[in-house]
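Residue-level listing of the chains:
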Amino acid sequence: MRRRLFAAALTSAALICAPLLGAPPAAADMAQPRVVSANPVDFTPHVVKGTVWALAVVGDTVVVGGSFEQVQDHARTTTYNRKNIFAYGLRDGAIRSFAPTVDGAVYALSAGTDGTVYTGGSFRTVNGTSQRGLARLRLSDSTRVSGFTAKINWGDVRALAVRGSRLYAGGTFSAVNGVTRVGLARLNTTSGAVDSGFDAKLSAPGLSRTRVEHFDVSPDGTRLVAIGALLKVGTAARTQIAMFNTSGANAAVMSWYTDTYKAKCKDVFDTYLRQVKFSPDGSYFVVTATGQAASPTLPCDAAARFNTAGGGKHNPVWIQRTGGDSLYGVAVTGSAVYVGGHQRYMDNPYGTDDTGPGKGAVKREGIGAINPTTGKTMSWNPGRERGEGVRVFQVVPNGLIVGSDTDHLGGEYHGSLGMFPI
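Residues numbered from 1 in each chain as written. Predicted model: local features only at pLDDT ≥ 70, side-chain atom pairs only at ≥ 80, totals over all residues. Heavy atoms only, no water.

For the chain, the name recorded in an unreviewed UniProt entry is Delta-60 repeat protein, with Winogradskya humida as its organism.

If you want it as structure tokens, here you go:
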């Protein structure tokens, strides 16, 4: 009964939000009026023994990317061969026929127009055709859009975002279509041609490679925040994080900066930052981090909020520390900041893989919600099997989709994929 009632409510909401669902969404998460339920819906399909790295919504279809070979329907009665990418119905969970052949992991997805999805990852071919790291695919028949010819030279694509006629891509590459673009590029959404005016000129002197681990674009399209193994933008020093003005034709690094991530975590990391997401109004963004260094003064194994406005040096508005466990995925809806990793606790600045005695740590296994204003843990506590962590959140009009590497979410079986309704 709960499933039928929710499906009906979601259908009604989808009719209201039809214009939104029919177009590529903004890169930032959409606003939600309240915190989602801690009880997942029953109709989402399952990934069999794999990791979900990326999600995108195209119309009424959810596209799922990752590293896996099979998926199952919600009842686990039918198994489908789907390697690294598949799609299902947003309203009913029905697995779509969409099944392109992608020979490597899919790490990034972004909705395109005309029933297409942009796909990024470590693959080299799509449907047997050379298309390294980037492709545009049709949901109707799984074919590759041949007019979109963008290819990276090596490495992978880890983040994608569409804004109008522009496609932003970030990852470990150093060239696209033979044009030098280190870690970050802007492409034409139709042809895949490299934007000649947009060259971020990222570098990481002393590190083995320059890498954009993740980025997000503000809802109005005028700002881009990139995080990763980067130390300079042109001649400007920017340690692990940089903000760009993306309103014009050229890549313009902004005077906004922070020294927060000059702090050292464990030496094994060339970057310990993992994801960044703007708020729905663009006034702030939240960064998640690993680091293996529990401390009440360091930004490791934590989430931090930064305000967008103003130039010059910025300090975090707040830092939410786990006490030594990594945070990866983040979603910002205005009513909450959702984070996921393999954390055991939150509000735990004095803990070291345990609770700091008498300091107010709260148990939040693998997933939790933060008050956007105070930075304190909210009461929402569905729990999830920790594993490595939540790799991606996707905010939709009536809920929050979660992609990870484990099989239990909210006390129920959900193979690497689930959705909390509003």
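**So, the nonpolar core**
One recurring pattern in soluble globular proteins is that nonpolar side chains are buried together. Of all hydrophobic cores here, the largest spans 21 residues; its most connected members are Ile241, Tyr261, Leu273, Phe285 and Val287. Looking at this core, the elements with two or more residues in it are β19 (223-229), β22 (241-245), β24 (273-278), β25 (284-289) and β26 (302-307). Filtering out sequence-adjacent residues up to four positions away, valine 287 remains in contact with Ile227, Ile241, Tyr261, Leu273, Gln275, Val276, Ala302, Ala303, Ala304 and Phe306. Within the second largest apolar cluster, 19 residues are counted, among which are Val47, Val64, Phe68 and Leu417. (Core = buried A, V, L, I, M, F, W, Y, C linked by side-chain atoms within 4.5 Å. Buried < 20%, exposed > 50% of the residue type's maximum accessible area, 1.4 Å probe, protein only. Helix = DSSP H or I, 4+ residues; strand = E, 2+ residues; numbered from the N terminus. Contact = heavy atoms within 4.5 Å.)

**Points about empty space enclosed by the protein**
Following the criterion strictly, the structure yields 1 cavity of 30 Å³ or more and no others. Reported here for the largest cavity is a volume of approximately 40 Å³. Lining the largest cavity are Arg384, Val402, Ser404, Thr406, His408, Leu409, His414, Ser416, Leu417 and Gly418. When contributions to the lining of the largest cavity are tallied by element, the ones reaching two or more residues are β35 (408-409) and β37 (417-421). Of the residues contributing to the lining of the largest cavity, the split by class is 3 nonpolar, 6 polar and 1 charged. (1 Å grid on protein atoms, 1.4 Å probe; cavity = no way out; pocket = protein on both sides within 12 Å on 5 of 7 lines; lining within 4 Å. Points joined across faces, edges and corners; volume = space filled by probe spheres on them. Nonpolar A, V, L, I, M, F, W, Y, C, P; charged D, E, K, R; others polar.)

**Comments concerning the sheet that holds strand β16 (residues 184-188)**
Sheet architecture is open: 3 strands sit in the order β12-β13-β16, paired in antiparallel fashion. Looking along the sheet, the strands with just one partner apiece sit at the ends: β12 (157-163) and β16. With direction set aside, neighbouring strand axes in the sheet form an average angle of 20°. Sheet topology note: the strand β13 (residues 166-171)/β16 ladder contains 5 bridges and is antiparallel. Bridge pairing in β16 links leucine 167 to leucine 187. (Pairing = 2+ DSSP bridges. Axes fitted to C-alpha atoms, helices over the stretch in contact; angles between N-to-C directions.)

**What about the pairing of strand β8 (residues 116-121)?**
The side chains of a regular strand alternate, first on one face of the sheet and then on the other. In terms of burial, β8 is a largely internal element, 6 of the 6 residues being buried. Of the two faces of β8, the one holding Thr116, Tyr118 and Gly120 and the one holding Val117, Thr119 and Gly121 are both buried throughout. Bridge count between β8 and strand β11 (residues 134-138): 5 bridges; the pairing is antiparallel. Considered in β11, the bridge of threonine 119 is made with alanine 135.

**Observations concerning the side chain of serine 279**
With respect to the helices and strands, serine 279 occurs in the loop between β24 and β25. Within the local environment of serine 279, its side chain forms a polar contact with the backbone nitrogen of serine 283, the two atoms lying 3.2 Å apart. Once residues within four sequence positions are removed from consideration, serine 279 is found in contact with Ala28, Pro219, Tyr284, Phe285 and Val332. (Polar contact = N/O pair within 3.5 Å; in protein donor to acceptor, adjacent residues only side chain to side chain.)

**A short note on the sheet that holds strand β33 (residues 392-396)**
Overall, antiparallel pairing links the 3 strands, which are arranged β33-β34-β37 in an open sheet. Bordering the open sheet on either side are β33 and β37, each of which pairs with just one other strand. With strand direction ignored, the average angle separating the axes of adjacent strands in the sheet is 20°. Where strand β34 (residues 399-403) and β37 come together, 5 bridges link them in antiparallel fashion. Among the inter-strand pairings, isoleucine 401 is bridged to a residue of β37, identified as methionine 419.

**Description of the packing of aromatic side chains**
Applying the stated criterion to the full structure yields 13 aromatic pairs. Consider the rings of tyrosine 261 and tyrosine 272, whose centres lie 6.1 Å apart with planes at 70°: the pair is edge-to-face. With tyrosine 261 in the loop between β23 (252-253) and β24 and tyrosine 272 in the loop between β23 and β24, this pair connects stretches of sequence that are 11 residues apart. Side by side, tyrosine 261 and tyrosine 272 carry an identical accessibility label, which is buried. The interplanar angle of 25° and the centroid separation of 5.8 Å between the aromatic rings of phenylalanine 285 and phenylalanine 306 together place this pair among those described as stacked. With phenylalanine 285 in strand β25 and phenylalanine 306 in strand β26, this residue pair connects regions lying 21 residues apart in the sequence. There is no split in this pair, since phenylalanine 285 and phenylalanine 306 are both buried. Put simply, the rings of Trp256, Tyr261, Tyr272, Phe278, Phe285 and Phe306 pair up and form one aromatic cluster. In this structure, arginine 305 packs its charged tip against the face of tyrosine 284, placed 3.9 Å from the ring centre. The ring of tyrosine 328 has arginine 391 sitting right over it, with the charged end atom 4.3 Å from the ring centre. (Phe/Tyr/Trp six-rings, centres within 6.5 Å; stacked < 30°, edge-to-face > 60°. Lys NZ or Arg CZ within 6 Å of the ring centre and 35° of its normal.)

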